[in-house]
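In case you want the letters, here they are:
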Amino acid sequence: MNISEEQMKDLYDSAFNASDKSYSPYSHFPVGAALLMSDGTVITGANIENRSYGLTNCAERTAVFTAAAAGWRSFCALAIATPKSDYPVGPCGACRQVLTEFAPADVPVVFGPKWENTVRTTLGELYPYDSLHELATDNEK
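This write-up is about the structure you can find in this document. (Residues numbered from 1 in each chain as written. Predicted model: local features only at pLDDT ≥ 70, side-chain atom pairs only at ≥ 80, totals over all residues. Heavy atoms only, no water.)

1. Describing the pattern of salt bridges
So, step 1. The final tally for this structure, using the stated rule, is two salt bridges.
So, step 2. For the salt bridge of Lys9 with Asp13, the shortest nitrogen-to-oxygen distance reads 2.9 Å. You can see Lys9 and its partner Asp13 sitting in helix α1 (residues 5–18), four residues apart, about one turn around the helix.
So, step 3. Owing to a relative accessible area of 29%, Lys9 belongs among the partly exposed residues under this scheme. (Salt bridge = Lys/Arg side-chain N within 4 Å of Asp/Glu carboxyl O. Helix = DSSP H or I, 4+ residues; strand = E, 2+ residues; numbered from the N terminus. Buried < 20%, exposed > 50% of the residue type's maximum accessible area, 1.4 Å probe, protein only.)

2. So, the side chain of Asn47
So, step 1. Structurally, the position occupied by Asn47 is in the loop between β2 (42–46) and α2 (59–69).
So, step 2. A distance of 2.8 Å separates a polar atom in the side chain of Asn47 from the backbone nitrogen of Val31.
So, step 3. In this structure Asn47 touches Ser22, Tyr23, Ser24, Phe29, Pro30, Val31, Asn57, Cys58 and Ala59, once residues within four positions along its chain are discounted. (Polar contact = N/O pair within 3.5 Å; in protein donor to acceptor, adjacent residues only side chain to side chain. Contact = heavy atoms within 4.5 Å.)

3. Some details on the environment of Leu78
So, step 1. Checked against the element boundaries, Leu78 lands in strand β3 (residues 77–81).
So, step 2. Judged by relative accessible area, Leu78 falls into the buried class, the value being 0%.
So, step 3. Separated by 77 residues in the primary sequence, Leu78 and Met1 place their C-alpha atoms 13 Å from one another.
So, step 4. Once residues lying within four places of it in the same chain are set aside, the contact partners of Leu78 are Met8, Leu11, Ala33, Ala34, Leu35, Leu99, Val107, Pro108, Val109 and Val110.

4. Things to note about the sheet that holds β3
Across a sheet, paired strands are connected by hydrogen bonds in the backbone, their directions being either parallel or antiparallel.
So, step 1. Spatially, β2-β1-β3-β4-β5 is the arrangement adopted by the five strands of the open sheet, whose pairing is mixed. In this open sheet, the two edge strands, each paired with only one partner strand, are β2 and β5 (119–122). In this sheet, neighbouring strand axes are inclined to one another by 15° on average, regardless of whether the strands run parallel or antiparallel.
So, step 2. In this structure, strand β1 (residues 32–36) lies alongside β2, joined through five bridges in antiparallel fashion. Looking across to β2, one finds that Gly32 is bridged to Ala46.
So, step 3. Across the face of the sheet, α1 comes into contact with β1, β2, β3, β4 (108–112) and β5 while running at roughly 45° to β3. (Pairing = 2+ DSSP bridges. Axes fitted to C-alpha atoms, helices over the stretch in contact; angles between N-to-C directions.)

5. Regarding the nonpolar core
If you look at soluble globular proteins, the nonpolar side chains tend to sit buried side by side.
So, step 1. Formed by 22 residues in total, the largest nonpolar core has its most connected members in Leu35, Val64, Phe75, Leu78 and Leu123.
So, step 2. Going through the elements one at a time, β1, α2, β3, α3 (93–101), β4 and α4 (123–126) are the ones with two or more residues in this core.
So, step 3. With five residues, α2 is the single largest residue contributor to this core.
So, step 4. Phe75 has contacts with Leu35, Leu36, Met37, Val64, Leu99, Phe102, Ala103, Pro104 and Val107, leaving out every residue within four places of it along the chain.
So, step 5. By size, the runner-up hydrophobic cluster in this structure holds 13 residues, among which are Tyr12, Cys76, Ala77 and Val110. (Core = buried A, V, L, I, M, F, W, Y, C linked by side-chain atoms within 4.5 Å.)

6. Some points on the packing of aromatic side chains
So, step 1. For the structure shown, the criterion picks out two aromatic pairs.
So, step 2. Aromatic side chains Tyr12 and Phe16 sit 6.2 Å apart centroid to centroid with 45° between the ring planes, which places their arrangement in the tilted category. Highlighted residues: Tyr12 and Phe16, both in helix α1, separated by four residues, approximately one helical turn.
So, step 3. Considering the side-chain rings of Tyr12 and Trp115, the 5.7 Å spacing of their centres and the 50° angle between planes classify their relative orientation as tilted. Residue Tyr12 is found in helix α1, and its partner Trp115 is found in the loop between β4 and β5; the two are separated by 103 residues along the sequence. Just as Tyr12 is buried, Trp115 falls in that class too.
So, step 4. The ring centre of Trp115 lies 4.2 Å from the NZ or CZ of Arg120, which sits over that ring. (Phe/Tyr/Trp six-rings, centres within 6.5 Å; stacked < 30°, edge-to-face > 60°. Lys NZ or Arg CZ within 6 Å of the ring centre and 35° of its normal.)

Coordinates in, geometry out; function isn't part of it.
Set out below in structure tokens:
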């Protein structure tokens, strides 16, 4: 699926709006994520913290788990909004691992505190040595 600049901007706006739903009373660092599905559906997620910080769930994984629970098994684009950051903050290692389970390396990714200050890349560039794609069977690719 070829994703236009306008679609990526709309997806980023969805992620930015999702950050308003963040539960981040400890870090005060809201994050929103939005996944674009092949039929145009957008699934969003926000970070959900817990006083036991290891049990916190990032926005990206919230979106992926929401999509998977609804029956989606792949997505076409990802946007991440970190409105309180001074610079673009990419997904953590755990999120990168989960994201690569559900999308190929060429999926476009955009992230940043505001649209004018985003990084545009691909999932493969975020996680260049992902052996999971190499290990997947032909039916999983």
